[in-house]
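# An overview of the molecular structure
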Amino acid sequence: MKMNSGILCCVFNYNDNVHASEWADRLSPHFDTVILDSGSNPRCQHPLAVPLDNIYYSGLMNEAFRRGKEGGYGWVMVVTSDLEISAGNTVKLTAAMKDISRAANVGLYQPSTAWKGRSLPQSRCHFTGKMRCSNFQEGWFHLIRTDLMEKVCPVDVTVNRLGWGIDLALSHFARIMGLLVLVDDRIRVVHPGGRGYNREEALRQMRAWHATIPGYTSPRHFRPLKSAVEYQP
């Protein structure tokens with residue numbers, strides 16, 4: 001039964017069944033949750049797992065969007081199953097997500113990363129003790145307004161199957177829509193090393209796909225949109 005949170009949580013999994021199940025167990029007491037299991041061998045046996053072919057990151061984003069849109073959710077959360085989080089940070093994260101789901105002017109939200117693992121400088125914890133505005137964020141975790149996600153999805157998987165640059169495109173449209181892109185320095189996660197995608201091919205697909213987006217300009221070229229978070233009643 002659909003909860004009143006307005007958030008659908010989608011755990012993206014490929015051959016990391018233990019961590020995918022842990023994420024589902026963390027999130028499902030608070031939000032509607034599903035594991036989108038992209039071609040894992042063996043399959044994830046968690047009760048919330050949905051077996052899919054190996055549809056790569058773009059296919060997973062499309063499936064998360066479809067489920068969020070058809071389910072009438074105001075927000076879709078996506079997390080890659082390899083992301084690491086402590087029990088204490090889990091409590092903070094679920095509370096922050098509930099708060100953000102009431103925000104009127106936020107497009108994207110994610111926690112910050114500890115100074116280990118793999119992430120870009122704007123994703124690292126800046127030790128501000130608060131949420132800060134960024135010009136873009138990375139795709140290992142997003143809490144996304146569904147109407148923002150609709151600007152990007154469905155991604156044309158014949159052009160960009162691997163999914164690099166979806167995070168940049170979401171941030172691009174957030175800027176156009178006047179919505180904040182937030183990184184939360186109150187919460188830290190660890191994003192481990194990559195899964196071995198061919199970097200050159202991923203970049204080629206990303207650039208080809210970005211070229212199909214009318215007016216696309218990399219959010220890296222812009223300063224963050226800064227404003228206080230406005231909450232609905």
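Higher on the page you've got the structure.
Below, the structure is looked at part by part. It should be emphasised that the depicted structure is a prediction, and the values quoted were computed from it without experimental measurement.

This part is about the overall build of the protein chain. A count of helices and strands for the protein chain gives six helices and eight strands. Counted from the first residue to the last, the protein chain has its helices and strands arranged as β-α-β-β-α-β-α-β-β-β-α-α-β-α. Taken over C-alpha atoms, the radius of gyration comes to 16 Å for the protein chain, in line with the 17 Å a tight globule of 233 residues would show. When its C-alpha atoms are laid out on the principal axes, the protein chain stretches across 45 × 40 × 35 Å. Buried positions account for 55% of the 233 residues belonging to the protein chain. When contacts within the protein chain are restricted to residue pairs at least 6 apart in sequence, those whose partners lie at least 24 apart make up 78%. When the accessible surface of the protein chain is split by element, carbon and sulfur atoms take 53% of a total near 10,700 Å².

It is at 10 Å that the axes of helix 5 (residues 166-176) and helix 6 (residues 199-210) come closest, and there the two elements cross at 30 degrees. By the angle between their axes, helix 5 is roughly parallel relative to helix 6. In this structure, helix 5 uses I166, L168 and A169 to contact helix 6, whose residues at the interface are M206, W209 and H210. Of the residues assigned to the contact of helix 5 with helix 6, the class counts are five nonpolar, one polar and no charged.

Next up on the list: the side chain of Q110. With respect to the helices, strands and loops of the structure, Q110 is situated in strand 5 (residues 106-113). Under the relative-accessibility criterion, Q110 is labelled buried at 0%. A polar side-chain atom of Q110 sits 2.6 Å from the main-chain carbonyl oxygen of F141.

P42 follows N41 through a cis peptide bond whose omega is 5 degrees. Note that the residue after C153, namely P154, is joined by a cis bond; omega there is 0 degrees. Relative to the elements of secondary structure, P154 occurs in the loop between helix 4 (146-149) and helix 5. Even without being a glycine, N15 presents a positive backbone phi close to 60 degrees. Tracing the sequence through the fold places N15 in the loop between strand 1 (7-13) and helix 1 (17-27). Overall, N15 belongs to the partly exposed group, its relative accessible area being 38%. Positive phi is not limited to glycine here, since Y56 has a value of about 60 degrees. Tracing the backbone shows Y56 in helix 2 (residues 56-70).

For the structure shown, the criterion picks out one aromatic pair. Considering the side-chain rings of F12 and Y57, the 5.5 Å spacing of their centres and the 75 degrees angle between planes classify their relative orientation as edge-to-face. Here F12, found in strand 1, pairs with Y57, found in helix 2; they are 45 residues apart in sequence, far enough to count as distant. Judged on exposure class, the residue F12 and its partner Y57 are both buried. Over the aromatic face of W23 sits the side chain of R26, whose NZ or CZ is 4.8 Å from the ring centroid. One Lys or Arg, K98, reaches over the ring of F31 and ends 6.0 Å from the middle of that ring.

Membership of the largest hydrophobic core comes to 35 residues, with the highest contact counts inside it found for C10, F12, M61 and V152. Of all elements in the fold, only strand 1, strand 2 (32-38), helix 2, strand 4 (75-80), helix 4, helix 5 and helix 6 reach the threshold of two or more residues within this core. Of the residues forming this core, the biggest block, six residues, is contributed by helix 5. Ignoring sequence-local partners within four residues, the contact set of C10 consists of V34, L36, A64, V76, M77, V78 and V79. Among the nonpolar cores identified, the runner-up in size contains 31 residues, and F31, C44, F141 and L182 belong to it.

Okay, helix 1 next. Listing the buried residues of helix 1 in full gives N17, A20, S21, W23, A24 and L27. Down the axis, helix 1 shows its buried residues gathered within 160 degrees of arc, on one side only. Buried residues in helix 1 make contact with strand 1, strand 2, strand 4 and helix 3 (87-100).

Scoring rules and cut-offs
Residues numbered from 1 in each chain as written. Predicted model: local features only at pLDDT ≥ 70, side-chain atom pairs only at ≥ 80, totals over all residues. Heavy atoms only, no water. Helix = DSSP H or I, 4+ residues; strand = E, 2+ residues; numbered from the N terminus. Rg over C-alpha atoms; globule rule 2.2 N^0.38 Å. Buried < 20%, exposed > 50% of the residue type's maximum accessible area, 1.4 Å probe, protein only. Contact = heavy atoms within 4.5 Å. Areas by Shrake-Rupley, 256 points an atom, 1.4 Å probe, with all protein chains shown as cover. Axes fitted to C-alpha atoms, helices over the stretch in contact; angles between N-to-C directions. Parallel < 35°, antiparallel > 145°, perpendicular 65-115°, else oblique. Nonpolar A, V, L, I, M, F, W, Y, C, P; charged D, E, K, R; others polar. Polar contact = N/O pair within 3.5 Å; in protein donor to acceptor, adjacent residues only side chain to side chain. Phe/Tyr/Trp six-rings, centres within 6.5 Å; stacked < 30°, edge-to-face > 60°. Lys NZ or Arg CZ within 6 Å of the ring centre and 35° of its normal. Core = buried A, V, L, I, M, F, W, Y, C linked by side-chain atoms within 4.5 Å. Arc of directions from axis to C-beta.

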